[in-house]
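Overview (structure and organization)
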Amino acid sequence: MTDSTAPITQDVMTIPRKLPEGPINIVGLTREALRDTLIAQGTPEKQAKMRVNQIWQWVYQWGVRDFAEMTNLSKAYRTELARNFVIEIPEMVSRQVSADGTRKYLVRIAGDHEVEVVYIPETDRGTLCISSQVGCTLTCSFCHTGTQKLVRNLTAGEIIGQVMMARDDLGEWPEPGQGTGDNGPRLLSNIVLMGMGEPLYNFDNVRDAMKIAMDGEGISLSRRRITLSTSGVVPEIAKTAEEIGCMLAVSFHATTDEVRDKLVPINKKWNIATLLDALREYPKVSNSERITFEYVMLKDVNDSDEDARRLVQLIKGIPAKINLIPFNEWPGAPHQRSDWDRIEKFADIIYKAGYASPIRTPRGEDIMAACGQLKSASERARKSRRQIESEAGIG
Ligand code: SAH
Ligand code: SF4
């Protein structure tokens with residue numbers, strides 16, 4: 001923050017200041033960070049807030065990547081911006097489109113790492129499933145991402161950049177001056193942090209990115225259209241309510257500590273009772289209506305009638321929706337998907353107890369785009385690329 005530094009005056013343009021070397025990527029900078037940087041580069045303090053608004057609109061509402069197009073700024077100012085900043089988002093490496101319209105993108109981020117992003121079109125909405133980490137430190141038994149080590153956290157720019165990349169691909173940027181959705185429902189109307197990684201182990205970057213997603217001059221999505229899914233990083237749950245305020249989903253998956261310890265090992269650190277205490281507080285602080293309990297249906301592991309009844313007992317008093325996810329198998333997975341009639345019976349018990357209990361229809365299965373399968377396909381693709389190269393004698 002520069003507020004505590006020397007007073008900044010109108011003639012600051014002429015005062016050289018120490019700035020980071022090389023251009024700064026605007027994508028992912030918080031409002032405060034951009035404002036401070038503009039001021040440090042000579043924008044009069046009084047104008048800085050307005051300049052942030054103008055730049056954000058060009059970047060996040062109209063998808064402009066070239067400062068020269070920002071026509072409500074003076075030519076000199078645009079030139080100055082172009083000297084100090086870049087507007088960069090992750091690069092799309094490949095795109096697969098499922099028979100059901102689901103799109104899976106492989107996206108390259110700095111350091112030659114890759115993450116996956118999935119777009120799921122539905123009749124009344126379009127949901128983008130984004131990643132927060134390359135790999136994951138946790139090792140949930142049913143999750144393919146969990147078999148891969150954490151490579152690194154994504155930056156805020158790389159997180160919100162996934163949304164911008166999808167909008168590029170969907171051709172959804174409106175003409176400057178217009179709002180997205182002015183001419184019909186938004187194609188990309190919802191964001192879920194359910195891709196690769198544990199978002200609450202990358203809290204600051206996820207928060208900064210989601211603040212851009214929710215900002216009226218940013219991507220401009222209501223906080224009710226953004227869902228963060230966590231495996232249960234208890235100390236960060238209260239912070240999520242206070243500092244982000246989006247909808248929360250929790251990977252619950254079991255009704256006893258004994259089973260949850262095995263499926264979601266973070267349970268050994270924060271058990272079911274501790275997790276439920278944190279969840280009970282969430283709606284009050286964030287003023288969001290319901291928490292989504294995600295529950296992956298694993299044959300003979302967590303899918304009995306008794307489990308269903310215990311689940312209902314456990315979450316009593318918490319405004320909740322239970323999302324039943326038929327297990328998405330991956331090669332070598334140690335589990336099987338519960339039989340369909342078992343899933344329906346389980347759903348019925350929950351429904352009769354008064355909870356919404358949708359069974360999540362697996363989407364994009366033909367392109368391995370379903371929940372928990374991410375990265376597996378890219379790993380395989382990478383392997384087969386390597387194979388191809390070695391077969392061709394260039395590996
Ligand atoms: N790390 C976060 C978010 C990413 S996982 C979390 O664990 O919540 C997104 C969701 O997919 C979680 O509910 C996770 O439990 C679920 N999931 C993971 N692997 C799955 C699989 N193979 N089949 C079905 N759901 C899976
Ligand atoms: Fe990580 Fe979530 Fe997969 Fe668990 S389910 S290994 S927390 S990505």
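Residues numbered from 1 in each chain as written. Chains lettered and ligands numbered in written order. Predicted model: local features only at pLDDT ≥ 70, side-chain atom pairs only at ≥ 80, totals over all residues. Heavy atoms only, no water.

Note the threshold: UniProt positions are given in the numbering used here, feature names are shortened, and annotations may be inferred rather than shown by experiment.
For the chain, the name recorded in an unreviewed UniProt entry is Dual-specificity RNA methyltransferase RlmN, with Roseovarius gahaiensis as its organism. Recorded in UniProt under Subcellular location (unreviewed entry), the annotation for the chain is "Cytoplasm". Per UniProt, the chain carries the Sequence similarities (unreviewed entry) text "Belongs to the radical SAM superfamily. RlmN family."

What to know about the UniProt feature "binding site: [4Fe-4S] cluster" (unreviewed entry) in the chain
Cut-off, in case you're wondering: Secondary structure elements follow DSSP: runs of H or I of four or more residues count as helices, runs of E of two or more count as strands, with numbering from the N terminus. Only heavy atoms matter for contacts: two residues are in contact if any of them lie within 4.5 Å across the pair.
Annotation from UniProt places "binding site: [4Fe-4S] cluster" (unreviewed entry) at Cys136, Cys140 and Cys143. One can find Cys136 in the loop between strand E7 (133-134) and strand E8 (152-153). If near-sequence neighbours (up to four positions away) are discounted, Cys136 is found in contact with Thr145, Gln148, Lys149, Leu150, Gly197 and Glu198. Within the secondary structure, Cys140 is located in the loop between E7 and E8. Contacts of Cys140, omitting those with residues within four sequence positions, involve Leu263, Val264 and Pro265.

Looking at the site of ligand 2
Heads up, the condition is: In these notes, residues near a molecule or strand are those with any non-hydrogen atom within 4 Å of it. In this classification, the charged set is Asp, Glu, Lys and Arg, the nonpolar set is Ala, Val, Leu, Ile, Met, Phe, Trp, Tyr, Cys and Pro, and all remaining amino acids, among them Gly, are polar.
Taken together, the neighbourhood of ligand 2 is formed by Cys136, Leu138, Cys140, Cys143, Gly146, Gly197, Glu198 and Ser231. Its residues placed into classes, the shell around ligand 2 shows 4 nonpolar, 3 polar and 1 charged.

Examining the site of ligand 1
Keep this limit in mind: Each polar contact in these results corresponds to two N or O atoms within 3.5 Å; when the atoms are within protein, one needs to be able to donate a hydrogen and the other to accept it, and residues that are neighboring in sequence are counted only if both atoms are side-chain atoms. Residue-level accessible areas treat just the shown protein chains as cover; the underlying method is Shrake-Rupley with a 1.4 Å probe.
Ligand 1 sits among 21 residues. The nearest are Phe142, Gly197, Ser229, Ser251 and His253. A distance of 3.5 Å separates an oxygen atom of ligand 1 from a polar atom in the backbone of Thr230. Between Glu294 and ligand 1, the recorded distance is 2.9 Å, taken from a side-chain N or O atom to an oxygen atom. Summarising the interface, the protein chains cover 96% of the accessible area of ligand 1, which totals 530 Å² for the free molecule. Contributing elements (two or more residues each) for the shell around ligand 1: strand E10 (226-230) and strand E12 (291-297).

Things to note about the pattern of salt bridges
For the record, the criterion: Whenever Lys or Arg places a side-chain nitrogen within 4 Å of a carboxyl oxygen from Asp or Glu, that contact is recorded as a salt bridge.
The full count for this structure, using the stated rule, is 26 salt bridges. Notably, a salt bridge pairs Lys352 with Asp348, separated by 2.7 Å at the nearest N-O pair. With a gap of 4 residues between them, Lys352 and Asp348 both fall in helix H10 (residues 340-352), about one helical turn apart. The network of salt bridges with common partners includes Asp204, Arg207, Asp208 and Glu243.

Concerning the sheet that holds strand E13 (residues 320-326)
Rule in force here: For two strands to count as paired, DSSP must find a minimum of two bridges between them. To get an axis, fit a line to the C-alpha atoms, keeping to the stretch in contact for a helix; angles then go from 0 to 180 degrees between the N-to-C directions.
With mixed pairing, the 9 strands of this open sheet are ordered in space as E3-E4-E5-E6-E9-E10-E11-E12-E13. Edge positions in the sheet fall to strand E3 (91-97) and E13, since each of these pairs with one other strand and no more. Across this sheet, the average inter-strand angle for adjacent strands is 20 degrees, counted without regard to direction. Bridging between E10 and strand E11 (residues 247-251) involves 4 bridges; their strand directions are parallel. Paired with Ser229 across the bridge in E11 is Ala249. Of the strands in this sheet, strand E9 (190-193) and E10 are in contact with helix H5 (residues 203-214), which crosses E10 at around 160 degrees.

Considerations on the packing of aromatic side chains
For clarity, the cut-off: Two rings belonging to Phe, Tyr or Trp (six-membered ring only in the last case) form a pair when the distance between their centres is within 6.5 Å. Interplanar angles under 30 degrees mark stacking, angles over 60 mark edge-to-face geometry, and anything in between is tilted. Working definition: with a 1.4 Å probe on protein chains only, accessible area under 20% of the residue-type maximum means buried, over 50% means exposed, and in between means partly exposed. In our convention, an over-ring charge means Lys NZ or Arg CZ found within 6 Å of a ring centre and within 35 degrees of that ring's normal.
Tallying each qualifying case throughout the model produces 4 aromatic pairs. Seen in terms of ring centroids, Trp56 and Tyr60 are 5.2 Å apart; in terms of plane orientation they differ by 85 degrees. Their pairing is edge-to-face. Here Trp56 pairs with Tyr60, and both are found in helix H2 (residues 45-61), just 4 residues apart, close to one helical turn. Here Trp56 matches Tyr60 in class, with each residue buried. When the ring centre of Tyr77 is taken as reference, the NZ or CZ atom of Arg51 above it lies at 5.4 Å. Note that Lys239 overlies the ring of Phe203, its terminal NZ or CZ placed 4.5 Å from the centroid.

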